[in-house]
Amino acid sequence: MANVESPLSPELLRSMRAWRHDLHAHPETAFCEFRTSDLVARELERAGARVHRGLGGTGVVGTLARGDGPVIGLRADMDALDMQELSGAAHRSTIPGKMHGCGHDGHTAMLLGAAHHLAADPGWRGTLHLIFQPAEEHAGGGLAMVKDGLFDQFPCDAVYALHNSPNLPFGTMATRVGTVMANCDTYEITVTGKGCHAAQPEHGVDPVVAAAQLVTAMQTIVSRNVKPTDALALSITQIHAGDTWNVVPNSVLLRGSCRTLTAATRELAERRLREVCAGVALTSGASIDVQMFRGYPACVNTAAQVDLAARAAARVVGADKVDAACTPRMGSEDFAYMLEQRPGAYVFFGAARPDADNPPVHNPYYDFNDDILPLGAQYWVELVKIAMPA
Ligand SMILES: [Zn+2]
Ligand SMILES: [Zn+2]
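Everything quoted here is computed from the prediction, not taken from an experiment.

Calculation rules
- Residues numbered from 1 in each chain as written.
- Chains lettered and ligands numbered in written order.
- Predicted model: local features only at pLDDT ≥ 70, side-chain atom pairs only at ≥ 80, totals over all residues.
- Heavy atoms only, no water.
- Donors = N, O, S within 2.8 Å, 3.2 Å for Na, K, Ca; no water.
- Tetrahedral: all angles 85-135°; square planar, octahedral: opposite > 155°, others 65-115°.
- Helix = DSSP H or I, 4+ residues; strand = E, 2+ residues; numbered from the N terminus.
- Buried < 20%, exposed > 50% of the residue type's maximum accessible area, 1.4 Å probe, protein only.
- Phe/Tyr/Trp six-rings, centres within 6.5 Å; stacked < 30°, edge-to-face > 60°.
- Lys NZ or Arg CZ within 6 Å of the ring centre and 35° of its normal.

Caption draft 1: Fine view of the coordination of the zinc ion (ligand 1). Around the zinc ion (ligand 1), the protein supplies Cys102 (SG), Glu137 (OE), Glu137 (OE) and His362 (NE2) as donor atoms, at distances of 2.0 to 2.5 Å. For the zinc ion (ligand 1), the 4 donor atoms in the first shell make angles of 55 to 151° at the metal, a pattern classed as irregular. Along the chain, the residues that donate to the zinc ion (ligand 1) are spaced as C-x34-E-x224-H. Between the zinc ion (ligand 1) and the zinc ion (ligand 2), the interatomic distance is 3.2 Å, and cysteine 102 donates to each metal, bridging them. Of this pair, cysteine 102 sits in the loop between β3 (71-77) and α3 (104-120) while glutamate 137 sits in the loop between β4 (126-133) and α4 (141-147), and the two are 35 residues apart along the sequence. With respect to class, cysteine 102 is no different from glutamate 137; both count as buried.

Shown next, in the form of structure tokens:
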């Protein structure tokens, strides 16, 4: 399948697998990647990189410099999830309630493998920043590194990142120019009525009925306000109200998630959400308070870097296995904060095991597919050689 032989030595391939299993057995979550960043820093130093620690908390940057030339940043994420692993793998999590359920253990191992290989490979020239970020899952470790001066201390012409994808066939790569991952916002709505006896609704203002109208009316934002060819996922994920049978509660709390691919749809969804709430408040007599919380912005790839990423991946998996115009995903990714600062490309590497059940990421049975370790590391190597020719 691959167009070229893996340039990585068998010993390095074994090391990558060992790091991956070690990290998987010792998962650490947002900004607590202490042991993980120790391993990363140790291996970067062993590869001969100049190592800077403590950027954005537990973030690590390793620099390999070889004369004048382009300056490129490659990013891996290091954090795990707050969930219980149920896989029976020999390298399963040893920490209750924490698990590498998204494959960031594999991403870290692949970039370390590439660092070791590139340190000894004469086929490139310039400055390479190997960026290991904390807290990708929800706490914004990428933003923390940017705020901490990532690109002031380590200026990059372009930045790149990859994510494994167990729902894409093994040995494929997918990406696209423009938005590849969504804006991820959340909201909280408080409907306040006037509590009363369940037998005497005429003495109160029922916030449950108002909330029910709201749930239905909100879906008209998706179906009637947003252009059918644009994307909006507006989900109500929590409704909390009432404690007993014979009391109409005083208030109802609703929470949910709003995912969009463009700034215009993001603005439209927020404006219409407020307007629908104001309308239901008017007709129900309840007062409705809306709080919107902006989360990770959309992950936006630039054309030249997508082209370069696609060429690098083609060398690894073959051009027929590269989809450089995939559909965007409604998930989110805090590499977006780095892409707001620099041109770059975020790509998916297919990791589905043939003829096997492939639990998705964030599933308790998920385990990163070690068979893509060589492909991911080789992708980094080929990318560097194309972007930073000797
Ligand atoms: Zn994840
Ligand atoms: Zn992830």
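Caption draft 2: Local environment of the packing of aromatic side chains. All told, the structure shown has 5 aromatic pairs when counted by the stated rule. The interplanar angle of 85° and the centroid separation of 5.8 Å between the aromatic rings of tyrosine 296 and tyrosine 337 together place this pair among those described as edge-to-face. Highlighted residues: tyrosine 296 in the loop between β13 (287-294) and β14 (299-301) and tyrosine 337 in helix α9 (residues 336-341), separated in sequence by 41 residues. Ring centres of tyrosine 346 and phenylalanine 348 lie 5.4 Å apart, and the angle between their planes is 85°; on these two criteria the pair is classed as edge-to-face. For the pair formed by tyrosine 346 and phenylalanine 348, the shared burial category is buried. Here the aromatic cluster, defined as three or more aromatic residues joined through ring pairs, consists of Phe335, Tyr346 and Phe348. Above the face of the phenylalanine 348 ring, arginine 329 is positioned so that its terminal group lies 3.8 Å from the ring centre.

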